[in-house]
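If you want the building blocks of each chain, they are given just below.
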Amino acid sequence: MSRRKARPRTAPRTAPRTAPAPAVTPESPCPCGLGAAYGACCGRFHTGTGGTAPTAELLMRSRYSAFAVRDEAYLLRTWAPGTRPAEVDFDPGLRWAGLEIEDTTEGTAFHRHGTVTFTARYVHGGEPGALRERSRFARHEGAWVYVDGDVAE
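Residues numbered from 1 in each chain as written. Predicted model: local features only at pLDDT ≥ 70, side-chain atom pairs only at ≥ 80, totals over all residues. Heavy atoms only, no water.

### Focus on the nonpolar core
Next up, step 1: Formed by 28 residues in total, the largest nonpolar core has its most connected members in Met60, Val88, Trp96, Phe118 and Phe137.
Next up, step 2: Put simply, the parts of the chain that give this core at least two residues each are α2 (56-69), α3 (72-77), β1 (94-106), β2 (113-124), β3 (127-140) and β4 (143-152).
Next up, step 3: Ranked by the residues each element gives to this core, the list is headed by α2, at seven residues.
Next up, step 4: Not counting residues within four places of it along the chain, the set of residues in contact with Phe137 comprises Ala56, Leu59, Met60, Arg63, Arg112, His113, Gly114, Val116, Trp144, Val145, Tyr146 and Val147.
Next up, step 5: Counting residues in each nonpolar core, the second largest holds six residues, with Cys32, Tyr38, Cys41 and Cys42 among its members. (Core = buried A, V, L, I, M, F, W, Y, C linked by side-chain atoms within 4.5 Å. Buried < 20%, exposed > 50% of the residue type's maximum accessible area, 1.4 Å probe, protein only. Helix = DSSP H or I, 4+ residues; strand = E, 2+ residues; numbered from the N terminus. Contact = heavy atoms within 4.5 Å.)

### Here's the deal with the sheet that holds β3
Next up, step 1: Taken in spatial order, the four strands make up an open sheet running β1-β2-β3-β4, and their pairing is antiparallel. Either end of the sheet is taken by a strand with one partner, and the two such strands are β1 and β4. The average angle at which neighbouring strand axes cross in this sheet is 30 degrees, direction not considered.
Next up, step 2: Taken together, the nine bridges between β3 and β4 define a ladder with antiparallel strand orientation. The partner of Arg132 across the bridge, within β4, is Ala152.
Next up, step 3: Sitting on the sheet, α2 is in contact with β1, β2, β3 and β4, with an inclination near 170 degrees to β1. (Pairing = 2+ DSSP bridges. Axes fitted to C-alpha atoms, helices over the stretch in contact; angles between N-to-C directions.)

### Brief notes about the pattern of salt bridges
Next up, step 1: This structure, assessed with the given rule, holds five salt bridges.
Next up, step 2: Between Glu100 and Arg121 there is a salt bridge, and its shortest N-O distance comes to 3.9 Å. Linking Glu100 in strand β1 with Arg121 in strand β2, this pair joins segments that are 21 residues apart in sequence.
Next up, step 3: Residue class for Glu100 comes out partly exposed when judged on its relative accessible area of 42%.
Next up, step 4: What makes Arg121 partly exposed here is its relative accessible area of 41%.
Next up, step 5: Among the salt bridges present, the one from Arg132 reaches Glu102, with a minimum N-O distance of 2.7 Å. With Arg132 in strand β3 and Glu102 in strand β1, the pair connects residues that are 30 residues apart, well separated along the chain.
Next up, step 6: On the accessibility criterion, Arg132 (39% relative accessible area) is partly exposed.
Next up, step 7: Taken together, the shared-partner salt bridges connect Arg136, Asp148 and Asp150 into one network. (Salt bridge = Lys/Arg side-chain N within 4 Å of Asp/Glu carboxyl O.)

### Concerning the pairing of β1
Next up, step 1: Bridging between β1 and β2 involves eleven bridges; their strand directions are antiparallel. What sits directly across from Glu100, in β2, is Thr119.
Next up, step 2: Count of turn residues in the β1/β2 antiparallel hairpin: six residues, of which Gly107 carries a positive phi of about 80 degrees.

### A short note on the side chain of Ser65
Next up, step 1: Checked against the element boundaries, Ser65 lands in helix α2.
Next up, step 2: What makes Ser65 buried here is its relative accessible area of 0%.
Next up, step 3: Within polar-contact distance, the side chain of Ser65 engages the backbone nitrogen of Cys32 at 3.2 Å.
Next up, step 4: If we ignore the near neighbours within four places in the chain, the residues touching Ser65 are Cys30, Pro31, Cys32, Cys42 and His46. (Polar contact = N/O pair within 3.5 Å; in protein donor to acceptor, adjacent residues only side chain to side chain.)

Below is the structure:
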């Protein structure tokens, strides 16, 4: 997901940088929407027990789940060094509510680059919203990383 602010920010700058992460257990449904349990789906990438995501789409899904559970370490680890921020600014008033993958190009084990176009639904301050982005991914030291993205306005 892009570093650009595509959602309203209502928390004052003096608020804590992160809010408590939503309660997600290894047995919970995975936030990415694939229908598997979190621990067997994106959670295995977050903990490192499942290696790295083998495709750009699975990396996108695991990064969406990392935003949902507020896993800053994973997000920074899977961000390209040239575009990686110093920290992830989680909005405590935002809850991610669903992910729809709309299109992918390349991004398999046979490629060096790939794109994933998606819509991520959220609720912010009780109001539903959506973030649509075309994200770019590349291989870095053999693993897929998020480079940047174009947010549709």
